Every structure is written in structure tokens, then in C-alpha cells.
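Notes for the structure review
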Amino acid sequence: MTTINAKSPKSLAYPTRTIQRAERSLVCSPFQMNLLQTMRLESVQLKAIAGQAGVQHGYTKRPLSELTAETSLMWLIQVGVLRREVDGQGITDSFRLTPLGRQLLEQYQGSSWRSPSWLDRLYNALSRWFRLPF
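To start, this report covers the structure provided alongside it. Note that the coordinates shown come from a computational prediction; the quantities given were computed from them, not determined experimentally.

So, about the environment of valine 44. Its place among the elements puts valine 44 in strand β1 (residues 44-45). Valine 44 sits in the buried class, given a relative accessible area of 3%. Along the chain, valine 44 and phenylalanine 95 lie 51 residues apart, while their C-alpha atoms are 5.4 Å from each other. Ignoring anything within four residues of it in the chain, the contact list for valine 44 reads Leu35, Thr38, Met39, Ile49, Tyr59, Asp93, Ser94 and Phe95.

Given below as C-alpha cells:
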């Protein structure tokens, strides 16, 4: 088990493969760090991420369709970076960071995501396609 050096005194321990897969998923995602920084403080609705609103908020580099945005967000949920917000009525269309997502965000604090290599993109695509825990 490996932990990421985080400022929080109660950092959770995650297997190295889990951390690598989560980081790879983040750097291959269409989202900017600003989205995760916002999610650290508050939940963010899908309509603020999709379309031109995502670009205006600095969440994406280019406009994403709602389906593309939601599919990418759902993948980040599956790898453990995000969670869906719940209210008294049930699941909402808002998203927040998980403890793993917070640790990864702290690791990149003050910088932007590294550029994904072709191998990162390949492993991420294979993981998403087959849902394998690479």
C-alpha cells in the first residue's frame, strides 16, 4: 500500500496501482485542474461543465457535449476520483472529489496536469473499454 504525501494528517493508504490508474485517468480526461479545485470546495453540476459553460468556467479546454462530459465524469467515479452528490431526494447531477481525488489534487498543487503519453492514453482506453483495474 502506498500513500500520497498529502497535507492532511489522516491520508488514506491506497494501492500503488489504484493511484497510478486514478492519476492516468485524470491526465487523460478532458478536464482542467480548475474543475477539481472547485470540486474540492463545493459540488459542481453537470450543466456547469458541459458545453460552452465548461470553457467559460475554465473546467474544459473545449466545449464538451453533455454525454461526453457525463461519460468522462462517470469514469472518474469508477476509478475513485469523484463521487456523485446526494441530496434528500436521491442522486443529483452534481459531483465532488473523493479522498483519493483530494490527495491527487494536492500532489499537483501549484502546477497543471502532466501531459499524457501515448502509453497513458492506451492504458486508459483499455481500462475504460474492458473496465480492468490496470
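Turning our eyes to something else, we now look at the layout of surface pockets. Empty space within the largest pocket amounts to approximately 300 Å³. For the lining of the largest pocket, a count of residues per class yields 7 nonpolar, 5 polar and 4 charged.

Calculation criteria
- Residues numbered from 1 in each chain as written.
- Predicted model: local features only at pLDDT ≥ 70, side-chain atom pairs only at ≥ 80, totals over all residues.
- Heavy atoms only, no water.
- Helix = DSSP H or I, 4+ residues; strand = E, 2+ residues; numbered from the N terminus.
- Buried < 20%, exposed > 50% of the residue type's maximum accessible area, 1.4 Å probe, protein only.
- Contact = heavy atoms within 4.5 Å.
- 1 Å grid on protein atoms, 1.4 Å probe; cavity = no way out; pocket = protein on both sides within 12 Å on 5 of 7 lines; lining within 4 Å.
- Points joined across faces, edges and corners; volume = space filled by probe spheres on them.
- Nonpolar A, V, L, I, M, F, W, Y, C, P; charged D, E, K, R; others polar.

Shape descriptors only; they carry no functional weight alone.
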